[in-house]
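Read off the chains here:
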Amino acid sequence: MKRIAIVNQRYGREVNGGSESYTMQLAEHMREEYEVEVLTTQALSYATWENHYKEREEWVDGVRVRRFPVKRRRQRLLLRITGRLITALGMNYRWLNRIWIKAQGPYAPELLDFIEENRESYDVFIFVTYLYYPAVFGLGLVGEKSVFVPTAHEEPYIHFKLMEDVFGSPAAYVFLTEEERELVFSLFPVSTVPNRVAAMGIAPRIGEENLDFKKKYGISGSYLIYAGRIDVDKGCGQLIEYFERYCQSCSREEPMVTLVLIGKSEMALPEGGHVRYLGFLSEEDKNSGIAGARALCLPSRHESLSMAALEAMYLGTPIIVNGDSPVLQGHCRRSGGGLSYRDYKSFREALEAMWDEGKYRKMKESGIRYVEENYRWETVLDQWKEVIAGVIKA
């Protein structure tokens, strides 16, 4: 059985993050075909990278996980200074990019040492997400036997000069969407590198005891839901502003609606009113909440796949997305399972459409069909087998 190492900056059931959740599901589904190990850090929070997990090695849902200590916390001041030098003042030099990456973290040199010392012990290394220390400095150590899942989207960091080296390292690419592949090919001369678009299978779990979400959390009437990291950078501030503006303009005859926020909050939230913050919930509770919502809101401009969008459509919940995200806009266009907005006017129009029963039923049916036809684990794993076989053969 071939031995595969999957590298990500965080890993665990408690971790709240898109690439981390993708990594966990990929590892769990690959373990019947390969001997899979995850190489990661002991951090739980991306905000600090403080070491949280005590065990250096453990088994999580049948997957062997090797954790390495983070040697210093996220250096926010240095991050801001170097970021401004690079992006605002045009000092886009590799040496300065390296300082920025190390300041952002998670700075775990023992993880890199392990990869270098054990390069012959694994047949393939899979690096998930491009922006963090493990991938930036780890890919070059095992480039000829690596597969890169960059989870890339348009943002200032992908234009760092150092990324030319990072994106030039892997033996193969797996992209999560066509939009991601187009972006990477437009920025780096890597179109001749073996690659596939192979997203992930979608099969959200809801336990029987989690079905009555509204009763469990005391929610009255219809509700919209957001699930993920609650952060200004994720567009949550604008989402809350638009939603509160919508509520203030509603007449008494219009349906009462609540905005439910699920996930770890990194920003100040309004108290009372029509916004409810439930914090970090179990996967089953989160999925139950999405299934019962009138719509899932996705306000981020920067998405490489958006598992939340696919899970919502699979559960029969239409999506309302930021139209400035090519990936989210692409999901809406291809599926017919949601609507997009670019300003308050279009946000309100999208929200009002969710109460048009004819349109709503069509969106529900279209979203379910889109996910069932394109996001099955059987298909995704067959695509991955081809990629891995190609890297090993090379």
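Before reading on, note that the structure itself is shown above.
Peer 1: Looking at this model, I keep getting lost on the overall build of the chain. Mind explaining?
Peer 2: What the chain contains, in helices and strands, is 15 helices and 14 strands. With the C-alpha coordinates of the chain rotated into their principal frame, the extents come out at 65 × 45 × 40 Å. When burial is assessed residue by residue, the chain has 56% of its 394 residues classed as buried. Long-range pairs, those at least 24 residues apart, make up 68% of the contacts in the chain between residues at least 6 apart in sequence. Roughly 17400 Å² of accessible area belongs to the chain as shown, and the carbon and sulfur atoms make up 47% of that amount.

Peer 1: Could you clarify how one ought to interpret the layout of surface pockets in this entry?
Peer 2: Vacant regions in the atomic arrangement are exposed by a probe of water-molecule size rolled over the atoms. Of the voids in this model, the second largest pocket is the one considered here, and its volume is about 270 Å³. If you go around the second largest pocket, you meet 17 residues; those closest to its centre are Leu176, Val197, Ala199, Asn374 and Tyr375. No other element matches helix α14 (residues 357-374), which puts four residues into the lining of the second largest pocket. Taken together, the residues that form the lining of the second largest pocket break down as eight nonpolar, four polar and five charged.

Peer 1: What exactly am I supposed to notice about the packing of aromatic side chains here?
Peer 2: Within a pair of aromatic rings, the relevant descriptors are the distance that separates the centres and the angle that separates the planes. Under the defined criterion, the tally for this structure stands at 24 aromatic pairs. An angle of 55 degrees between the planes, with centres 5.7 Å apart, marks the rings of Tyr130 and Phe167 as tilted. Within this pair, whereas Tyr130 is found in the loop between β5 (124-128) and α5 (133-138), its partner Phe167 is found in helix α6 (residues 163-167), the two being separated by 37 residues in sequence. By the burial criterion, Tyr130 is buried, and Phe167 matches it. By the ring-pair criterion, three or more aromatic residues cluster together here, those being Tyr130, Phe148, Phe167, Tyr173, Phe175, Phe185 and Phe188. The ring of Phe137 carries Lys102 above its face, with NZ or CZ at 5.6 Å from the centroid.

Peer 1: Please explain the sheet that holds strand β8 (residues 195-197) as it appears in this structure.
Peer 2: What holds strands together in a sheet is hydrogen bonding between their backbones, with the strands either parallel or antiparallel. Read from one edge to the other, the open sheet built from eight strands follows the order β3-β4-β2-β1-β5-β6-β7-β8, with strand pairing classed as mixed. Lying at the two open borders of the sheet, with one neighbouring strand each, are β3 (57-60) and β8. Sheet twist, expressed as the average angle between the axes of neighbouring strands with direction ignored, equals 25 degrees. Alignment of β3 against strand β4 (residues 63-68), held across four bridges, turns out to be antiparallel.

Peer 1: How should the nonpolar core be read in this particular structure?
Peer 2: In summary, soluble globular proteins display a tendency toward joint burial of nonpolar side chains. The biggest cluster of nonpolar side chains holds 62 residues, and the ones touching the most others in it are Ile6, Tyr22, Met30, Ile126, Val147, Ile319 and Trp384. Filtering out sequence-adjacent residues up to four positions away, Met30 remains in contact with Ile6, Val36, Ile126, Leu381, Trp384 and Ile388. In this structure, Ile115, Leu162, Phe167 and Val184 belong to the second largest nonpolar core, which totals 46 residues.

Peer 1: How should the state of the cysteines be read in this particular structure?
Peer 2: Joining two cysteines, a disulfide is a covalent bond between their sulfur atoms. One pass over the structure, following the stated rule, counts zero disulfides. Cys297 forms no disulfide, and the closest cysteine sulfur to it belongs to Cys236, at a distance of 10 Å. Cys297 gets classed as buried once you look at its relative accessible area, which sits at 1%.

Peer 1: Would you mind going over a nonpolar patch on the surface with me for this structure?
Peer 2: Residues Leu78, Tyr93, Trp95 and Ile99 make up a contiguous nonpolar surface patch of about 370 Å² in total accessible area. With respect to the helices and strands, the residue Leu78 is situated in helix α2 (residues 76-87).

Peer 1: Where do I start with the pattern of salt bridges in this structure?
Peer 2: Proximity of charged atoms lets side chains of opposite charge pair with each other. Following the criterion strictly, the structure yields 32 salt bridges and no others. A salt bridge links Arg73 to Glu50; the shortest N-O distance between them is 3.3 Å. Linking Arg73 in the loop between β4 and α2 with Glu50 in the loop between β2 (35-41) and β3, this pair joins segments that are 23 residues apart in sequence. Given the relative accessible area of 47%, Glu50 is considered partly exposed.

Peer 1: Help me out: how do you make sense of the packing of helix α1 (residues 18-30) against helix α15 (residues 377-393) in this one?
Peer 2: To characterise two packed helices, one gives the angle between the axes of the helices and the distance between these axes. Interhelical geometry of α1 versus α15 gives an angle of 80 degrees and a closest axis separation of 11 Å. Judged on the interaxial angle alone, α15 and α1 are roughly perpendicular. Residue-level contacts link Tyr22, Gln25, Leu26, His29 and Met30 of α1 to Trp377, Leu381, Trp384 and Ile388 of α15. Its residues assigned to classes, the contact of α1 with α15 shows seven nonpolar, two polar and no charged.

Here is what the cut-offs are and how they apply
Residues numbered from 1 in each chain as written. Predicted model: local features only at pLDDT ≥ 70, side-chain atom pairs only at ≥ 80, totals over all residues. Heavy atoms only, no water. Helix = DSSP H or I, 4+ residues; strand = E, 2+ residues; numbered from the N terminus. Buried < 20%, exposed > 50% of the residue type's maximum accessible area, 1.4 Å probe, protein only. Contact = heavy atoms within 4.5 Å. Areas by Shrake-Rupley, 256 points an atom, 1.4 Å probe, with all protein chains shown as cover. 1 Å grid on protein atoms, 1.4 Å probe; cavity = no way out; pocket = protein on both sides within 12 Å on 5 of 7 lines; lining within 4 Å. Points joined across faces, edges and corners; volume = space filled by probe spheres on them. Nonpolar A, V, L, I, M, F, W, Y, C, P; charged D, E, K, R; others polar. Phe/Tyr/Trp six-rings, centres within 6.5 Å; stacked < 30°, edge-to-face > 60°. Lys NZ or Arg CZ within 6 Å of the ring centre and 35° of its normal. Pairing = 2+ DSSP bridges. Axes fitted to C-alpha atoms, helices over the stretch in contact; angles between N-to-C directions. Core = buried A, V, L, I, M, F, W, Y, C linked by side-chain atoms within 4.5 Å. Disulfide = S-S within 2.5 Å. Patch = residues over 30% accessible without salt bridge, like charges linked within 9 Å, V, L, I, M, F, W, Y side chains within 5 Å. Salt bridge = Lys/Arg side-chain N within 4 Å of Asp/Glu carboxyl O. Parallel < 35°, antiparallel > 145°, perpendicular 65-115°, else oblique.

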